[in-house]
Amino acid sequence: MLSNNSQYLSIIETIKSEIMNSQFKATMSVNRELVLLYYNIGCIINENKTWGNKFIENLARDIKLAFPDSKGYSVRNLKYMAKFAEEYPDKEFVQQVVAQIPWGHNIVLLDKITDTNKRKWYIEKCTENGWSRNVLIHQIASGLYERQAIAEKISNFENRLPAVQSELAIQTMKDPYIFDFIPFKEDMRERDIENALVKDITKLLLELGTGFAFLGNQYHLNVGGDDFYIDLLFYNLNLQCYVVIELKTGDFKPEYAGQLNFYLSAVDGILKKDTDNPSIGLLLCKNKNNLVAEYSLKDMSKPIGISEYKITNNLPKELEKQLPSVEDIQNRIK
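Now for a description of the structure that goes with this document. (Residues numbered from 1 in each chain as written. Predicted model: local features only at pLDDT ≥ 70, side-chain atom pairs only at ≥ 80, totals over all residues. Heavy atoms only, no water.)

Some points on the overall build of the protein
- The helix and strand inventory of the protein stands at 16 helices and seven strands.
- Buried positions account for 46% of the 334 residues belonging to the protein.
- When the accessible surface of the protein is summed, it comes to about 17800 Å², and 50% of that surface belongs to carbon and sulfur atoms. (Helix = DSSP H or I, 4+ residues; strand = E, 2+ residues; numbered from the N terminus. Buried < 20%, exposed > 50% of the residue type's maximum accessible area, 1.4 Å probe, protein only. Areas by Shrake-Rupley, 256 points an atom, 1.4 Å probe, with all protein chains shown as cover.)

Take a look at the structure:
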């Protein structure tokens, strides 16, 4: 089937990327001018703070009189413009980085994040992945920066992959993965979790990150007449390789890495084409001892990463309101 062919998937992804990039550039061109306009207005407001508390209210009223059909100049938005200009004193940084995302996204970052470097990271991820405002809110609420940018990641990628692929694979990893869309049960088995992930594959793809194409669960491989079944099999278009994911409901055990190492050998021998990079394994456990995990991977021949995953259905009400709808996520991924 073409849908399972890695070369065909790569062609489709390239065409989709070209279309999305063209649409994105057109939208961002207009957005950039709007963001810079708001920044300049914010600078003017900050330079004239001595006019008193009613200054912004008068501005909003008079701008409305002068431009009755224009939106975006409410008292609240003018205050955001002032805060925006105050938070980013470097105009060149605004032009080159901050203006790459819509104004609504910038308001989210102003409200929820104080560190400039952390904001910059989320801005870069927004432009890379085309996140909607709701998806950005969800990623911040789930602590994506802490789980992906600064997490202590356990893998042997640096020793088992070429430098470029290794760096990208490490950047793709998270620890822990958050599967908060799975209905929680005390006695969940691995197959229960797997089925729940596949049932909400759109949300799973959002959590895994950009470039993942789902190929199947309990993916059948026949090796020497014996049958084996991979929990979850993906192809990552950015890494240009198969990604095997194995789920474990308990603590990490060294033998899990050996099993995954075997699956990767089988995938490389049966599915991998000459144009594909070496397949990568991701072992997801409820808990792991980092030192035990590191020793387990030390002499493994295949590239493997080990992460924890979390399942929760006890989200704070204010967080539930911030989460994107299924329709929003589906539209963004499409």
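Notes on empty space enclosed by the protein
- The full count for this structure, using the stated rule, is one cavity of 30 Å³ or more.
- Estimates place the volume of the largest cavity at around 110 Å³.
- Taken together, F157, A169, T172, M173, Y177, L208, F212, L239, V243, I280, G281 and L282 make up the full set of residues lining the largest cavity.
- Of all elements in the fold, only α10 (163-172) and β6 (280-287) reach the threshold of two or more residues within the lining of the largest cavity.
- The greatest single-element share of the lining of the largest cavity, amounting to three residues, is contributed by β6. (1 Å grid on protein atoms, 1.4 Å probe; cavity = no way out; pocket = protein on both sides within 12 Å on 5 of 7 lines; lining within 4 Å. Points joined across faces, edges and corners; volume = space filled by probe spheres on them.)

Observations regarding the pairing of β6
- Extensive coverage of β6 is indicated by the burial of six of its eight residues.
- Relative to β6, strand β5 (residues 241-251) is paired through seven bridges, and the arrangement is parallel. Bridging across to β6, D251 finds its partner in N287.
- Each parallel crossover has a hand, and the one from β5 via helix α13 (residues 254-270) to β6 is right-handed.
- One ladder, built from five bridges, connects β6 with strand β7 (residues 304-310); its direction is parallel. Its bridge partner being in β7, L283 is matched across the sheet by I306.
- Each parallel crossover has a hand, and for β6 linked through helix α14 (residues 290-298) to β7 it is right-handed. (Pairing = 2+ DSSP bridges. Right-handed = clockwise from strand over helix to strand, strands pointing away.)

Some points on the pattern of salt bridges
- Counted under the stated rule, the structure contains 13 salt bridges.
- Across the pair K118 and E146 runs a salt bridge whose closest N-O atoms are separated by 2.7 Å. In this pair, K118 sits in helix α6 (residues 116-129) while E146 sits in helix α8 (residues 144-149), placing the two residues 28 residues apart along the sequence.
- Of the residues examined, E146 reaches a relative accessible area of 34% and is grouped as partly exposed.
- When the shortest N-O distance is used, the salt bridge between D192 and R189 registers 3.6 Å. (Salt bridge = Lys/Arg side-chain N within 4 Å of Asp/Glu carboxyl O.)

What about the pairing of β5?
- Burial analysis of β5 places eight of its eleven residues in the buried class, which makes it a mostly covered element.
- Pairing geometry for strand β4 (residues 226-236) and β5, over five bridges, is antiparallel. Counterpart to Y235 in the pairing with β5 is Y242.
- If you look at the hairpin formed by β4 and β5, you'll find four residues sitting between the two strands, and Q240 has a positive phi there, around 55 degrees.

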